[in-house]
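Here's the letter readout for the chains.
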Amino acid sequence: METTSRVTAQGPTEDTPSTPEGVPAARRTVDGYLRAPFAWYGLDEAFTGPRWLMQVATAADGTVQHGSTGHGDEPSIRPDAADRSAADRERFAVVVSVPANPTRRSGDGTGVLEATSVSSAAWLAGSGLLSFTWPAQMDHVLRNDWLDQQTEAAWELADDLAGADWTTLSLPVDGVATPFHYRESEFGWVLAGSAGGGVHLGAYGRGLSAYGLGFAVVKDITSYA
């Protein structure tokens, strides 16, 4: 699959300080979004709920590779069994923006960056949904094994967008009907497609129906901060 790397859409790194809830402290800063050379996408004006920043991913040379914007209720990162009913009530949608790039040299000239594709957006959306999922009955010690298994499955699904696990869904992007690959699971839904202006879009969520969503360029990313 053509993709930048197998990393989650908004997972913290070793160098990223975290809050007690496990949310990266850098998550709500807008600086990385402002450095991106591509347009950010979010839900269109039909969505009137809360909007919030997630986190951007950068290459070794500081180039912004992709990032996400959140809409609706901020989902729990690690819901415990006692909080499962609250997690089930969460209604959110996250939009992942990935610049469409061919295979190219890295900014520092030391290597080659793989091409990005709709599969890249599908992978980031699928792994992003998993980052907010934790079966309530599962022991904390087993979570890493479970997450590794589910992440591998999400990778394989993203690499086979023509497979039986995906259906086609048409949704507006900047007012233009656009085809998306769409799938549902017990954890929520994932979709991926391409917008105009050289950006691939991924999205994931639960509680909000994907069938009623529309996407648009974010005119002022600071409004999400």
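Scroll up to find the structure this text is about.
In this report, we go over the structure that sits alongside the text.

Rules used throughout
Residues numbered from 1 in each chain as written. Predicted model: local features only at pLDDT ≥ 70, side-chain atom pairs only at ≥ 80, totals over all residues. Heavy atoms only, no water. Buried < 20%, exposed > 50% of the residue type's maximum accessible area, 1.4 Å probe, protein only. Helix = DSSP H or I, 4+ residues; strand = E, 2+ residues; numbered from the N terminus. Pairing = 2+ DSSP bridges. Lys, Arg positive; Asp, Glu negative; His and termini not counted. Salt bridge = Lys/Arg side-chain N within 4 Å of Asp/Glu carboxyl O. Contact = heavy atoms within 4.5 Å. Expected span 1.5 Å × (residues − 1). Polar contact = N/O pair within 3.5 Å; in protein donor to acceptor, adjacent residues only side chain to side chain. Phe/Tyr/Trp six-rings, centres within 6.5 Å; stacked < 30°, edge-to-face > 60°.

1. Observations concerning the pairing of strand β3 (residues 64-72)
In terms of burial, β3 is largely enclosed, as nine of its nine residues are buried. Of the strand pairs in this sheet, strand β2 (residues 51-58) and β3 are connected by six bridges, and their pairing is antiparallel. By the bridge assignment, threonine 58 is partnered in β3 with valine 64. With six bridges connecting them, β3 and strand β4 (residues 92-99) associate as antiparallel partners. Within the sheet, the bridge partner assigned to serine 68 lies in β4 and is valine 96.

2. A short note on the side chain of arginine 183
Of note, arginine 183 is situated in strand β8 (residues 176-185). Here arginine 183 sits buried without a salt bridge, and the closest side chain of opposite charge, aspartate 165, lies 7.3 Å off (N-O distance). Aside from chain neighbours lying at most four places away, what touches arginine 183 is Gly126, Ala154, Leu157, Asp165, Trp166, Gly188, Trp189 and Val190.

3. Here we look at helix α3 (residues 118-131)
Each full turn of the α-helix corresponds to 3.6 residues, which orients residues three or four apart in the same direction. Spanning 14 residues, α3 covers 20 Å between terminal C-alpha atoms, matching the ideal 20 Å at 1.5 Å per step. With 14 of 14 residues buried, α3 lies mostly within the body of the structure. A side-chain oxygen of the first residue of α3 lies 3.2 Å from the backbone nitrogen of serine 119; this N-cap is serine 117.

4. Examining unusual backbone geometry
The phi dihedral of aspartate 174 is positive, around 50°, even though this residue is not glycine. Its location among the elements puts aspartate 174 in the loop between β7 (167-173) and β8.

5. Concerning the pairing of β7
Where β7 lies against β8, seven bridges are found, and the strand directions are antiparallel. The residue of β8 that forms the bridge with serine 170 is proline 179. The hairpin formed by β7 and β8 contains two residues between the paired strands, and aspartate 174 there has a positive phi angle of roughly 50°.

6. Looking at the environment of leucine 130
Looking at where leucine 130 falls in the secondary structure, it is placed in helix α3. Here leucine 130 falls in the buried class, since its relative accessible area comes to 5%. Separated by 20 residues in sequence, leucine 130 and glutamine 150 place their C-alpha atoms 7.5 Å apart.

7. Some thoughts on the packing of aromatic side chains
Tallying each qualifying case throughout the model produces eight aromatic pairs. With a centroid separation of 6.0 Å and an interplanar angle of 70°, the aromatic rings of phenylalanine 92 and phenylalanine 132 are classed as edge-to-face. Of the two residues, phenylalanine 92 sits in strand β4 while phenylalanine 132 sits in the loop between α3 and α4 (143-158), which places them 40 residues apart along the sequence. Aromatic rings pair up to connect Tyr33, Phe38 and Trp40 into one cluster.

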